[in-house]
Amino acid sequence: MPPGITTLAADAPELSAANTGFMLICSALVMLMTPGLAFFYGGMVRVKSTLNMLMMSFISLGIVTVLWVLYGFSLTFGSDVGSVIGWSSDYVGLSGIGVTELWDGYTIPVYVFAAFQLMFAVLTPALISGALADRVKFTAWALFIVLWVTIVYFPVAHWVWGSGGWLFEMGVIDFAGGTAVHINAGAAALGVILVIGKRIGFKKDPMRPHSLPLVMLGAALLWFGWFGFNAGSWLGNDDGVGAVMFLNTQVATAAAVLGWLVYEKLRHGSFTTLGAASGAVAGLVAITPAGGSVSPLGAIAIGVIAGVLCAMAVGLKYKFGYDDSLDVVGVHLVGGIIGSILVGFFATGGVQSDAAGLFYGGGVDQLGKQVVGVVAVLAYSLVVSAVIALAIHKTIGMRVSEDDEVSGIDQVEHAETAYDFSGTGGGSVSRTTAPAPAPDTTAAPKAKKVDA
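Residues numbered from 1 in each chain as written. Predicted model: local features only at pLDDT ≥ 70, side-chain atom pairs only at ≥ 80, totals over all residues. Heavy atoms only, no water.

(A) Inspection of the layout of surface pockets at higher detail. If you add up the space inside the largest pocket, you get close to 770 Å³. Lining the largest pocket are 32 residues, with Leu274, Val314, Lys317, Tyr318 and Asp327 sitting closest to its centre. For the lining of the largest pocket, the elements supplying multiple residues, two or more each, are α8 (241-268), α9 (273-290), α10 (296-313) and α11 (316-320). Residue contributions to the lining of the largest pocket peak at five residues, all from α8. (1 Å grid on protein atoms, 1.4 Å probe; cavity = no way out; pocket = protein on both sides within 12 Å on 5 of 7 lines; lining within 4 Å. Points joined across faces, edges and corners; volume = space filled by probe spheres on them. Helix = DSSP H or I, 4+ residues; strand = E, 2+ residues; numbered from the N terminus.)

Encoded structure:
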């Protein structure tokens, strides 16, 4: 994603109504991804955890939006401080920004850029929640979001996208968030689950998705919103790069669905709807950092590789014993790594930038940069996220009690259940339903009709 670039007054761009409208639409699409993620995760858990899973995504919309306005945008995209963080007093509270002030070097207002980036900041911690299903206090989760976006997301996003950020200046390519969003969230998920431990009954009790149609709906919303997530990250439509990214998003996702399903059929004997949905998300994750630098053929290769390797990776939790409830590590961490590393192989040098990968005569230079970016973000997010989770766990407590986990976190944390099985729609009569009136035995019997 291109950061702000200082330009001379003589060649400063003018506000483009077309690009501004396009970016507002893309911002709305990215916002839709968070409810889409809520449905995707909500369908994958058991009935007793459905509402909690939905709420873990929705609360991010509330918390991160406020923090972004107060100081998040300043920390992420303010003037660089030591190549690790940003800060601009005009961005605090978004109070010093003119209505028509443009993002440096681009034809869209600063407010539009801030709104677009806000939706990324909202989505990223919501991704983590899928690894923590069934067992985390809602208040602890809300506090974790506050601390995590402040200490982890805002700095990492500055490293990757902020002018002066050390990974950006090194030349690491991350078009729309392979490192800053997906590796960041996936590594954080791993760090937290290593602290809070496994669900009761992990590897013993069946923990199957309660609503696969809900999963497919969520995956469809994610796929749809991802076009704004990816194509919008070029911040305009003037040179065709966003169009390439749009196409590559579709191509890689389709290829990943096929790759996952073929692996699943060969390995387990069936083509499952859960596999199709998971394959789509794996492809979307993998193309996110790479789609602006590869050709459609490269996108197919990235999609197939991500579909197969992510399908293989989701089983690692059973081998190594970490309870990644909804495969955030297997899909987002692994998919983000795959997409980021494969830039170093498949970058053509003719789309987003002139940086070419190994298969296009660029040698190992870009590959080395991509590896540095992956390792740096993974290590920082893993360690700091674990420390944050441990601090919360040792103070207010991160997990619900065993009894509450067994009985159902929805009822305990939200005093609600996802489905009312006691009503008439559930096939039973409500206790408040009045009994049918007794027949009137005092009335005179009706005369029988006699045929002529």
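Next comes the rest of the write-up.
(B) The nonpolar core, seen in detail. If you look at the biggest cluster of nonpolar residues, it comprises 120 residues, and the most contacted ones within it are Phe73, Leu132 and Phe144. The biggest single contributor to this core is helix α4 (residues 138-161), with 15 residues. When neighbours within four sequence positions are excluded, Phe73 is seen to be in contact with Trp68, Gly78, Tyr91, Leu94, Trp103, Val110, Phe113 and Ala114. (Core = buried A, V, L, I, M, F, W, Y, C linked by side-chain atoms within 4.5 Å. Buried < 20%, exposed > 50% of the residue type's maximum accessible area, 1.4 Å probe, protein only. Contact = heavy atoms within 4.5 Å.)

(C) Here's a closer look at helix α3 (residues 110-128). End to end, α3 covers 28 Å across 19 residues, agreeing with the expected 27 Å (1.5 Å per residue, within 8%). The buried fraction of α3 is high, at 17 of 19 residues. (Expected span 1.5 Å × (residues − 1).)

(D) Representation of the pattern of salt bridges. Here the structure, examined in full by the defined rule, presents seven salt bridges. For Lys317, the salt bridge goes to Asp327, with nearest N and O atoms at 2.9 Å. Here Asp327 lies in the loop between α11 and α12 (328-346) and Lys317 lies in helix α11, a separation of 10 residues in the sequence. Its relative accessible area of 4% is what places Lys317 among the buried residues. (Salt bridge = Lys/Arg side-chain N within 4 Å of Asp/Glu carboxyl O.)

(E) Representation of a nonpolar patch on the surface. On the surface, Leu143, Leu147, Ile151 and Ile396 cluster together into a nonpolar patch covering about 280 Å² of accessible area. Summarising the element assignment, Leu147 is placed in helix α4. (Patch = residues over 30% accessible without salt bridge, like charges linked within 9 Å, V, L, I, M, F, W, Y side chains within 5 Å. Areas by Shrake-Rupley, 256 points an atom, 1.4 Å probe, with all protein chains shown as cover.)

(F) Quick look at empty space enclosed by the protein. Going through the model one piece at a time under the given rule, you end up with two cavities of 30 Å³ or more. Counted as a void, the largest cavity has a volume near 60 Å³. Every residue along the wall of the largest cavity is listed here: Phe40, Tyr41, Met44, Ser278, Val281, Leu326, Asp327, Val331 and His332. Listing elements by their share of the lining of the largest cavity, those giving two or more residues are α1 (17-44), α9 and α12. The biggest single contributor to the lining of the largest cavity is α1, with three residues. Within the lining of the largest cavity, the residues separate by chemical class into six nonpolar, two polar and one charged. (Nonpolar A, V, L, I, M, F, W, Y, C, P; charged D, E, K, R; others polar.)

These figures capture arrangement, not role.
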